[in-house]
Amino acid sequence: MTEASASSAKPLAGIRVLELARILAGPWCGQCLADLGADVVKVERPGAGDDTRSWGPPFVEAADGGELSAGYYHAANRGKRSVEVELDTPDGQTILRRLASRADILIENFKVGGLRKYGLDYASLSAENPRLIYCSVTGFGQTGPYAHRGGYDFMIQGMSGIMSLTGEPEGEPLKTAVAFADVFTGMYATSAVLAALQGRERTGRGCHIDMALLDTQIAVMGNQAMVHLLTGRPPPRTGNAHTSIVPYQVFPVADGHIIVACGNDGQFRRLCFVLGTGWAEDPRYATNPARVAARETLVPLIAAETAKWAKEDILAAFERETMPAGPINTLDEVFDDPQVLHRRMVSDLPEPNAEGGAVPTLRGPIVIDGEPVVATTAAPRLGQHTTEVLDDPDWGGRDSGAVP
């Protein structure tokens with residue numbers, strides 16, 4: 001299948017996205033849309049581009065011995081076309097308004113009101129293109145006492161409460177190693193944009209989507225937030241343990257550690273069978289509420305038994321009994337895992353300017369009709385497509401008669 005036919009077969013083929021976003025949350029949304037077949041045009045500052053182009057090492061090595069931007073940039077920008085436009089000039093603003101007039105979706109992550117002075121805010125652009133779906137991504141949203149503030153993922157993790165729950169009980173609060181708030185905001189923004197596309201089919205009009213990192217991070221607190229809402233008390237840090245399920249944590253084995261995840265009483269009985277104990281018949285441990293109450297007694301008993309086993313042996317025994325358990329893999333082990341290999345989670349995207357002619361990428365988790373959904377091109381070089389996009393008739397280029 002050719003690149004063109006592969007793209008046309010995807011759900012968002014023909015949808016045009018103008019991305020005025022940098023770093024992670026906005027570009028993550030753009031990348032998701034590109035994976036789904038949209039034509040995503042990423043606008044970057046001349047000479048510098050997206051901040052993450054320099055967030056290395058590591059960098060993608062170029063065939064000529066140089067580099068093709070940091071791995072961080074490549075993690076969030078595959079499948080896009082890059083144009084260099086100077087936002088601060090009248091010519092640049094004219095170009096962007098023309099592109100926006102042809103776009104279905106615009107993604108931006110400027111500070112609240114930051115694009116108004118350029119005539120690139122939602123009110124200005126929707127007046128010319130009423131079908132435009134305009135997605136604003138900020139730290140704190142378009143309204144409220146913090147709306148004027150900038151927001152980075154690390155700050156948001158601290159403010160949202162997730163760090164108060166992450167780490168060992170006696171240790172310091174910890175952030176997640178991946179930019180949790182940014183990635184989730186990008187995913188929620190994608191959902192909102194797709195819903196808006198469907199809504200536009202009914203109304204014929206676009207809309208303004210207001211995505212905030214803080215809103216998103218609080219929204220995904222899920223069951224932990226419910227603990228507070230129902231009891232009035234914040235849940236404590238429990239390390240790798242679960243506040244409401246026992247046993248559901250890391251346990252030692254003779255050659256490392258494993259995860260045991262007993263989500264119901266039947267699974268606990270199978271755990272006891274493998275370990276050769278009678279705890280499932282003991283009323284102190286027979287039900288999950290009882291096990292949660294007896295956590296301090298039961299967990300050390302389980303740990304003493306699992307420590308007698310080699311990791312490979314105990315995991316095999318648990319699998320035979322359909323008892324949920326698994327290893328704690330390093331990333332080299334992850335990418336050697338037969339399930340990960342079978343699911344084709346890593347793709348090599350062609351890039352003739354890269355050393356070896358390709359750039360590795362992690363695909364998104366979407367599979368449609370048996371085919372993993374991933375863009376067919378690597379993240380673009382800075383300004384790689386400027387002339388191509390500005391001449392593209394679909395974007396109002398010269399061949400369309402829209403400009404001289």
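A.B. asks: Please explain the packing of aromatic side chains as it appears in this structure.
C.D. replies: How two aromatic rings sit relative to each other is set out by the distance from centre to centre and by the angle between their planes. Here the structure, examined in full by the defined rule, presents 4 aromatic pairs. Ring geometry for W55 versus Y72: centroids 5.1 Å apart, planes at 85°, classification edge-to-face. Here W55 is found in the loop between β2 (39–44) and β3 (59–61), whereas its partner Y72 is found in helix α3 (residues 71–74), with 17 residues between them in sequence. Assessed through its relative accessible area of 35%, W55 is described here as partly exposed. Between F180 and F184, the ring centres sit 4.8 Å apart and the planes meet at 75°, which makes this aromatic pair edge-to-face. Here F180 and its partner F184 are both found in helix α8 (residues 180–203), 4 residues apart, which amounts to about one turn of the helix. Look at F180 and you get partly exposed, because its relative accessible area is 23%.

A.B. asks: Help me understand the sheet that holds strand β11 (residues 325–327), please; the structure alone is not making it clear to me.
C.D. replies: Taken in spatial order, the 3 strands line up as β9-β10-β11 in an open sheet, and their pairing is antiparallel. Two strands in the sheet have a free side with no partner beyond their single neighbour: β9 (248–253) and β11. Averaged over neighbouring strand pairs, the angle between their axes works out to 30° when direction is ignored. With 6 bridges connecting them, β9 and strand β10 (residues 256–261) associate as antiparallel partners. Looking at the pairing, P252 lines up with H257 of β10. Taken strand by strand, helix α14 (residues 311–320) contacts β9, β10 and β11, and its axis lies near 15° from that of β10.

A.B. asks: Would you mind going over the environment of K42 with me for this structure?
C.D. replies: The topology assignment puts K42 in strand β2. C-alpha of K42 to C-alpha of I95: the two residues are 53 residues apart in sequence and 13 Å apart in space. Those residues within four positions of K42 in sequence are excluded, and the remaining contacts are E19, A21, R22, P27, D50, Y73, N77, K80, R81, S82 and V83.

A.B. asks: Explanation requested: the nonpolar core in the structure shown.
C.D. replies: Generally speaking, nonpolar side chains in soluble globular proteins are found buried as a group. Of all hydrophobic cores here, the largest spans 28 residues; its most connected members are V17, L33 and I105. At the level of elements, α2 (25–35), β6 (105–108), β7 (133–138), α8, β8 (207–212) and α9 (213–219) are the ones that each hand at least two residues to this core. Counting residues per element, this core draws most heavily on α8, which supplies 5 residues. Discounting chain neighbours no more than four positions away, the residues touching L33 are L12, V17, A38, V40, I105, I107, T190, V193 and L194. Within the second largest apolar cluster, 24 residues are counted, among which are V246, L271, A280 and L298.

A.B. asks: Help me understand the packing of α2 against α8 in this model?
C.D. replies: Packed helices, taken two at a time, are described by the angle between their axes plus the distance between the axes. At a minimum axis separation of 7 Å, α2 and α8 run at an interaxial angle of 50°. Classified by the angle their axes make, α2 and α8 are oblique. Judged by the twist between their axes, the crossing of α2 over α8 is right-handed. Of α8, the residues touching α2 (which contributes A25, W28, C29, C32 and L33) are D182, V183, T185, G186, M187, A189, T190, V193 and L194.

A.B. asks: Teacher, can you tell me more about the side chain of N288 here?
C.D. replies: Relative to the assigned elements, N288 resides in helix α12 (residues 288–293). Of the residues examined, N288 reaches a relative accessible area of 19% and is grouped as buried. Within the local environment of N288, its side chain forms a polar contact with the backbone oxygen of S244, the two atoms lying 2.9 Å apart. From its side chain, N288 meets the backbone nitrogen of V246 in a polar contact 3.2 Å long. With near-sequence residues (within four places) excluded, N288 lies in contact with S244, I245, V246 and D265.

So, how was this worked out
- Residues numbered from 1 in each chain as written.
- Predicted model: local features only at pLDDT ≥ 70, side-chain atom pairs only at ≥ 80, totals over all residues.
- Heavy atoms only, no water.
- Phe/Tyr/Trp six-rings, centres within 6.5 Å; stacked < 30°, edge-to-face > 60°.
- Helix = DSSP H or I, 4+ residues; strand = E, 2+ residues; numbered from the N terminus.
- Buried < 20%, exposed > 50% of the residue type's maximum accessible area, 1.4 Å probe, protein only.
- Pairing = 2+ DSSP bridges.
- Axes fitted to C-alpha atoms, helices over the stretch in contact; angles between N-to-C directions.
- Contact = heavy atoms within 4.5 Å.
- Core = buried A, V, L, I, M, F, W, Y, C linked by side-chain atoms within 4.5 Å.
- Parallel < 35°, antiparallel > 145°, perpendicular 65-115°, else oblique.
- Left-handed = near helix turned anticlockwise from the far one by under 90°.
- Polar contact = N/O pair within 3.5 Å; in protein donor to acceptor, adjacent residues only side chain to side chain.

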